[in-house]
Amino acid sequence: MACHSPVRQYEFTTGKFKKDTVLSGTPVKQENLKMPMGICVFAEKNLLLIIDVQDSMLVKAYDLKSLKFIKSFIKKGPGPNQQLDCHKVQYSADFKHIYAVDRIKQKIYAYNADDISAPGAAVFPESDIMLEHHQIYNPSVLADGSIVDYSSYKADEKSSVFSFYNSYGNLLYKKGDFPKIKTAYGPQEQNAAFLGWFTPFKNGNNIILAYLNTDVLDLYNNQGVLLKRVQGPDYFEPAVKSVKHFNGTMVIPDEKAFHAYSSARAKDNEVYVLYEGKEVLEQGGYHKKLLFNFNSNLEPESLFLLDQPIFAFDIDWSRKELYGLTHQYKDKNLIRIKLP
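Computed from a prediction, not measured in an experiment: that's the story for all the values here.

How each quantity is defined
Residues numbered from 1 in each chain as written. Predicted model: local features only at pLDDT ≥ 70, side-chain atom pairs only at ≥ 80, totals over all residues. Heavy atoms only, no water. Pairing = 2+ DSSP bridges. Helix = DSSP H or I, 4+ residues; strand = E, 2+ residues; numbered from the N terminus. Axes fitted to C-alpha atoms, helices over the stretch in contact; angles between N-to-C directions. Buried < 20%, exposed > 50% of the residue type's maximum accessible area, 1.4 Å probe, protein only. Phe/Tyr/Trp six-rings, centres within 6.5 Å; stacked < 30°, edge-to-face > 60°. Lys NZ or Arg CZ within 6 Å of the ring centre and 35° of its normal.

### What to know about the sheet that holds strand β1 (residues 9-11)
Spatial ordering of the open sheet is given by β1-β19-β18-β17-β16, a layout of 5 strands whose pairing is mixed. Each edge of the open sheet is held by one strand with a lone partner, namely β1 and β16 (196-200). Neighbour-to-neighbour, the strand axes of this sheet turn through a mean angle of 20°, independent of strand direction. Examined bridge by bridge, strand β18 (residues 216-221) and strand β19 (residues 226-231) share 5 bridges and lie antiparallel to one another. Of the residues in β19, the one forming a bridge with Tyr220 is Leu226.

Here it is as structure tokens:
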């Protein structure tokens, strides 16, 4: 196995962005949508998929251009063709399948994308995958069919950022080191402190990792090699603490904790990620007003101030349109934003 030199950590401030622009968003009412929690733009099939956690059908499919409702799919339940949860949806590299993550059943389900597009077609899982010796967090299926997820905490193992699996769910290896910080956390606290939102680039070559509790962004390749690490613009470390919970302990943010990054999306030479920098305990802090744009080397390009705060988003890259989710309106949960 090749050896890699330690990666230098770069820093930036908001003054490093070349542009500073206000982006206006349009709130849109989506039919049959109750409580959205996740979103996926599938432009190749003209689909907008939204996870709805308060409905018996967990995912709603809409026409991407018209935003008209097509169908609901993934029935909530314990049955063989049902899911108890839908944490995430993602489409396959060949555009033939939709992958849906069930954290409760601990499975990744595969659905036929053409069945979702066709208004009258029934939608059932064609297959499912369980990850070997692993508590599912936020798995992504890579272009070659392999799977990457955040590594689970295990008391007898060295902490790693990622676990990699083959297409059958068998563990291949673990890789990745967390950022260096001043506070000495134990392994369980360290894993909680460095929770993050990661996503593969749309072209499938690299992975962008945005940390939730510290303002650090990591760029990895698809083999788990760290290519670049940047910190900014506020330079704060994660702050967590262990508290008693029934017969054990749980790790939670402490009073000094701040929100950082979330909901990253990347393609070719563009990376977009939400940023907040607010105290965790501030009410409504999961909605974010700042959208940062970097190039593929994590160099700052544009800072956008959103007039409609959102907590998650995806992008139609061909039409340069961003679709964000919000809980700040009673009946309008989708925000449509034209990117420059």
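### Some remarks on the environment of Gly15
By the secondary structure assignment, Gly15 is in the loop between β1 and β2 (19-23). A residue is classified by how much of its surface remains accessible, and Gly15, at 65% relative accessible area, is exposed.

### Some thoughts on the packing of aromatic side chains
By the definition in use, this model includes 25 aromatic pairs. Seen in terms of ring centroids, Phe162 and Phe164 are 6.2 Å apart; in terms of plane orientation they differ by 70°. Their pairing is edge-to-face. We note that Phe162, like Phe164, is buried. Put simply, the rings of Tyr137, Tyr150, Phe162, Phe164, Tyr173, Phe198 and Tyr220 pair up and form one aromatic cluster. In this arrangement the basic side chain of Lys88 is found over the ring face of Phe198, its NZ or CZ atom lying 5.7 Å from the centre. Sitting over the face of the ring of Tyr10, Lys228 holds its NZ or CZ atom 4.6 Å from the ring centroid.

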